[in-house]
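# Architecture at a glance
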Amino acid sequence: MDARFLGITELTETPAVAVVIDVMRAFTVAAWAFGRGAEKIVLAESLDESLALKARHPDWVALKDGPPAPGFDTVNSPGLLRSLDLTGRTVVQKTTAGTVGALAVKEASLVLCAGFVVAEATARLLRTRAEGSVTFVVTGEDGRADEDLACAEYVARRATEPRTAAADFLRRAGESRAASELTKGVRRGVHPDDVALCLELDRFPFAMVAALEGSLMVLRPTREPVQSPGEESR
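What counts, and where the lines are drawn
Residues numbered from 1 in each chain as written. Predicted model: local features only at pLDDT ≥ 70, side-chain atom pairs only at ≥ 80, totals over all residues. Heavy atoms only, no water. Buried < 20%, exposed > 50% of the residue type's maximum accessible area, 1.4 Å probe, protein only. Helix = DSSP H or I, 4+ residues; strand = E, 2+ residues; numbered from the N terminus. Pairing = 2+ DSSP bridges. Axes fitted to C-alpha atoms, helices over the stretch in contact; angles between N-to-C directions. Parallel < 35°, antiparallel > 145°, perpendicular 65-115°, else oblique. Left-handed = near helix turned anticlockwise from the far one by under 90°. Contact = heavy atoms within 4.5 Å. Nonpolar A, V, L, I, M, F, W, Y, C, P; charged D, E, K, R; others polar. 1 Å grid on protein atoms, 1.4 Å probe; cavity = no way out; pocket = protein on both sides within 12 Å on 5 of 7 lines; lining within 4 Å. Points joined across faces, edges and corners; volume = space filled by probe spheres on them. Core = buried A, V, L, I, M, F, W, Y, C linked by side-chain atoms within 4.5 Å. Phe/Tyr/Trp six-rings, centres within 6.5 Å; stacked < 30°, edge-to-face > 60°. Salt bridge = Lys/Arg side-chain N within 4 Å of Asp/Glu carboxyl O.

Further remarks concern the pairing of strand β2 (residues 17-21). Buried residues dominate β2, accounting for five of its five residues. Burial along β2 is two-sided: Val17, Val19 and Ile21 facing one way and Ala18 and Val20 facing the other are all buried. Bridge analysis of β2 against strand β7 (residues 110-114) gives five bridges, and the strand direction is parallel. Following the sheet pairing, valine 19 is matched in β7 by leucine 112. Judged from the four bridges that link them, β2 and strand β8 (residues 133-138) form a sheet pairing that is parallel. If you follow alanine 18 over to β8, its bridge partner there is threonine 135.

See below:
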């Protein structure tokens, strides 16, 4: 597998296979939403689109980055989301980087969205379905966010070298600017457990696949069980 690591603005063509990484916090939140029973997640282009979708579908759950806001049910925090019962619900998600990255590659034949919480499931899917070049979209800080780059590099290595250990990659993520800002309360809409939850390796046994369904980009979990090549390698 030939892995490329690009920021959103560096995408000059539609890749065949794209893995969009947002560790802190969009795709950790998405995984938690599925873990809490959500059926699907609609990745919105804008806050206005989120509110319009919510208006048309009052039973949908709308979330956004930052502090709570009128019309939105919750914010982009795994620590806050984990207490919600989302069984059978549709979630509408709009974030600063993660959803933007996924929408930037919406025409790709395979789009995966990932963080550390679904790393092994994502690598396993790449081992079975991806051939040739895979583009990892590093969404944070114009492609320089170390938590996203560390996760992207870990998943890429794990896809080809299944016994790759995670410790150094998790350390880099834990020392990242995003982790520091979340810990210090620089960002709003934060739970004290958010960083720890974003660094919880393989918390969920599914990968997350995004695809166009009509005019909407929709994220859904796979339901294939993950068989780890070796717990001791982590």
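Let us look at the packing of helix α5 (residues 119-129) against helix α6 (residues 146-160). Where α5 meets α6, the closest approach of the two axes is 8 Å, and the angle between their N-to-C directions is 50°. With respect to each other, α5 and α6 are oriented oblique. The element α5 and its partner α6 pack so that their crossing is right-handed. Across the interface between the two elements, Ala119, Glu120, Thr122, Ala123, Leu126 and Arg127 from α5 touch Tyr154, Val155, Arg158 and Ala159 from α6. The residue makeup of the contact of α5 with α6, split by class, is six nonpolar, one polar and three charged.

Turning our eyes to something else, we now look at the layout of surface pockets. Of the pockets and cavities examined, the largest pocket occupies roughly 420 Å³. Those elements that place two or more of their residues in the lining of the largest pocket are α6 and α8 (177-184). Within the lining of the largest pocket, the residues separate by chemical class into six nonpolar, eight polar and 11 charged.

Once that is clear, we can look at the nonpolar core. By size, the foremost hydrophobic cluster in this structure holds 73 residues, and its most contacted members are Phe116, Leu126, Phe136 and Met208. Considering each element in turn, this core owes the most residues, eight residues, to helix α1 (residues 26-35). Leaving out residues up to four positions away in the same chain, methionine 208 has contacts with Phe27, Ala30, Ala31, Phe34, Val111, Leu112, Cys113, Val118, Leu219, Arg220 and Pro221. If you look at the next biggest cluster of nonpolar residues, it comprises nine residues, including Val42, Ala62, Phe72 and Val218.

What follows concerns the packing of aromatic side chains. All chains considered together, the criterion is met by six aromatic pairs. Relative to phenylalanine 136, the ring of phenylalanine 5 lies with its centre 5.3 Å away and its plane at 25°, an arrangement referred to as stacked. Separated by 131 residues along the polypeptide, phenylalanine 5 in strand β1 (residues 2-7) and phenylalanine 136 in strand β8 bring together distant segments of the chain. Its relative accessible area of 33% is what places phenylalanine 5 among the partly exposed residues. Here phenylalanine 116 and tyrosine 154 contribute two aromatic rings whose centre-to-centre distance is 6.3 Å and whose plane-to-plane angle is 40°, an arrangement assigned as tilted.

Our next topic: the sheet that holds strand β3 (residues 40-43). If you walk across this open sheet you meet the 10 strands as β1-β8-β2-β7-β9-β10-β3-β6-β4-β5, and the pairing is mixed. Each end of this open sheet is capped by a strand with a single partner; those strands are β1 and β5 (74-75). Strands in contact with α5 are β2, β7, β8 and β9 (208-213); relative to β7, the strand with the most contacts, it is inclined by about 160°. Together, β1, β2 and β8 form the strand contacts of α6, whose direction differs from that of β8 by roughly 160°.

Now for α1. In terms of residue burial, α1 counts as a mostly covered element, since nine of its 10 residues are buried. Within the span of α1, buried status applies to Ala26, Phe27, Thr28, Val29, Ala30, Ala31, Trp32, Ala33 and Phe34. Looking at the residues trailing α1, positive phi occurs at glycine 37, about 105°.

Let us now look at the pattern of salt bridges. Considering all chains together, one arrives at 14 salt bridges under this definition. For the salt bridge of lysine 54 with aspartate 73, the shortest nitrogen-to-oxygen distance reads 3.0 Å. Of this pair, lysine 54 sits in helix α2 (residues 47-56) while aspartate 73 is found in the loop between β4 (61-64) and β5, placing the two residues 19 residues apart along the sequence. Lysine 54 gets classed as buried once you look at its relative accessible area, which sits at 15%. Given the relative accessible area of 44%, aspartate 73 is considered partly exposed. The partner of arginine 187 in a salt bridge is glutamate 181, with the nearest N and O atoms 3.0 Å apart. A relative accessible area of 28% means that arginine 187 is categorised as partly exposed. The exposure class of glutamate 181 is buried, given its relative accessible area of 17%.

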